[in-house]
Amino acid sequence: MSDRHITRRIRGTDTSDGAGVKLKRVIGQAGLDMLDPFLLLDEFRSDQAGDYIAGFPEHPHRGFETVTYMLAGHMQHQDNHGNRGDLSPGSVQWMTAGRGILHSEMPQQEDGLMWGFQLWVNLPAKDKMIAPRYQDIAPERIPVVHPAEGVEVKVIAGELAGATGPVEGIATAPVYLDVSLQPGAELSLDLPVGHHGFAYVFEGESALVGGERLQRSELGVLSDGDRLQLAAGDTPSRLLVVAGQPLKESVARYGPFVMNTQAEIHEAIADFRAGKF
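In this convention, every chain numbers its residues from 1, walking through the sequence in written order. Reporting in this predicted model follows two pLDDT cut-offs: at least 70 for local features of residues, and 80 or more for side-chain atom pairs to be given and counted; totals over whole chains, interfaces and linings ignore these cut-offs and use all residues. The basis for every side-chain value is the complete set of heavy atoms in the structure, and neither hydrogens nor water enter the calculation.

## A few points about the overall build of the protein chain
Then, number 1: Helix and strand counts for the protein chain come out as 1 helix and 26 strands.
Then, number 2: Throughout, radius of gyration means the C-alpha value; the globule benchmark is 2.2 Å times the number of residues raised to the power 0.38. Rg of the C-alpha trace for the protein chain: 18 Å, near the compact-globule value of 19 Å for 277 residues, within the 12% margin.
Then, number 3: Its C-alpha atoms give the protein chain principal-axis dimensions of about 55 × 45 × 35 Å.
Then, number 4: Remark: exposure states derive from per-residue accessible area (1.4 Å probe, protein chains only) relative to the maximum for the residue type, with buried under 20%, exposed over 50%, and partly exposed in between. In the protein chain, buried positions account for 55% of the 277 residues.
Then, number 5: A separation threshold of at least 6 residues defines the contact pool for the protein chain, and within that pool the share at least 24 residues apart is 70%.
Then, number 6: Note on areas: Shrake-Rupley, 1.4 Å probe, and residue coverage restricted to the protein chains presented here. Accessible surface computed for the protein chain: about 11600 Å², of which carbon and sulfur atoms make up 47%. Secondary structure counts use DSSP, requiring at least four H or I residues in a row for a helix and at least two E residues in a row for a strand, with both numbered from the N terminus. The contact criterion used throughout is that any non-hydrogen atoms of two residues lie within 4.5 Å.

## Description of the side chain of Asp42
Then, number 1: Assignment of secondary structure puts Asp42 in strand S4 (residues 38-46).
Then, number 2: The term polar contact refers here to a pair of N or O atoms within 3.5 Å; inside protein, the definition further demands a hydrogen-donor-capable atom paired with an acceptor-capable atom, and it admits residues adjacent in sequence only when both atoms are side-chain atoms. One polar contact links Asp42 to Arg25, side chain to side chain, over a distance of 2.8 Å.
Then, number 3: If we skip the residues at most four places from it in the chain, Asp42 touches Leu23, Lys24, Arg25, Gly116, Phe117 and Gln118.

## Re the pattern of salt bridges
For side chains bearing opposite charge, pairing can occur when the charged atoms are close.
Then, number 1: Here a salt bridge means any side-chain nitrogen of Lys or Arg lying within 4 Å of a carboxyl oxygen belonging to Asp or Glu. Within this structure, the stated rule accounts for 15 salt bridges.
Then, number 2: With a closest N to O distance of 3.3 Å, Glu218 and Arg9 form a salt bridge. Separated by 209 residues along the polypeptide, Glu218 in strand S22 (residues 218-222) and Arg9 in strand S1 (residues 6-11) bring together distant segments of the chain.
Then, number 3: With a shortest N-O distance of 4.0 Å, Lys276 and Asp271 are connected by a salt bridge.
Then, number 4: Among the charged side chains, a network of salt bridges with common partners joins Arg9, Glu212 and Glu218.

## Notes on the sheet that holds strand S24 (residues 237-244)
Note on sheets: strands pair through backbone hydrogen bonds, and any given pair is parallel or antiparallel.
Then, number 1: Here we have 7 strands laid out as an open sheet, ordered S1-S22-S19-S24-S17-S14-S13, and antiparallel in their pairing. Edge strands, defined here as strands with exactly one partner in the open sheet, are S1 and strand S13 (144-145).
Then, number 2: As paired strands, S1 and S22 are joined by 5 bridges and run antiparallel to one another. Among the inter-strand pairings, Ile6 is bridged to a residue of S22, identified as Leu222. Here the rule is simple: two strands pair whenever DSSP picks up at least two bridges between them.

## With respect to the sheet that holds strand S5 (residues 56-61)
Then, number 1: Taken in spatial order, the 4 strands line up as S5-S10-S7-S8 in an open sheet, and their pairing is antiparallel. Strands at the two margins of the open sheet, each flanked by one partner only, are S5 and strand S8 (84-87). The mean angle between the axes of side-by-side strands here comes to 20°, regardless of whether they run parallel or antiparallel.
Then, number 2: Bridging between S5 and strand S10 (residues 101-107) involves 4 bridges; their strand directions are antiparallel. In the strand pairing of S10, His59 is matched with His103. Note on definitions: angles span 0 to 180 degrees between N-to-C directions of axes, and those axes are lines fitted to C-alpha atoms, for helices only across the stretch in contact.

This is the structure in structure tokens:
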């Protein structure tokens, strides 16, 4: 067995998206453009309505998947194919945009804390033009396990301690874990060899990841290996651990379109303008 360790550290940069929603961009910025197959990671967190109230009005996607994980607050999504659903605290939406979709995510609150993440996951070339689909996952469908003393893990995707996450049928075979560590707790976590992975601390001062201290709002890119050692210090901590099979394909990006060639990007723009999504 080989332990994973941190190879790079990235801090999120403050930016805005949608109709002015303030957020912290961790993957998809100058310091870390992508981590194949992950194209973007945003954390949005504010209890000031002006930071999020305008939401994400209708916009297109093609060629990848968006993953929204809500920690606090309430959003509603709908699209041009008649789909509609709620994103409540603890819920996950794994949307496979495929050949094209127009959707919106709008706050269903006028005050209070709005907190969560959006992750973009690339699709392989063979799947970029598949029909769009959603996996809307309510909090009660996400297994919660306690693999060690003082450790609680929500298994969104992948397997841990006999539990399997509800996300299924994803080409990159992802692992997506929300790990809570009480003071002094330790966890030895198995991860698939060859998967690119990262850890991101979002609550508490810091956590030990692969034997190194990772601070709040800091992402650690992980080396390869089949095991990751996690530990808390004197205070509780909470972090995301995410891994996925790299696609190792060319990437052409233009805003909400992610394809393999520039010609495919031009085609996506033309299809969008022609109302073919």
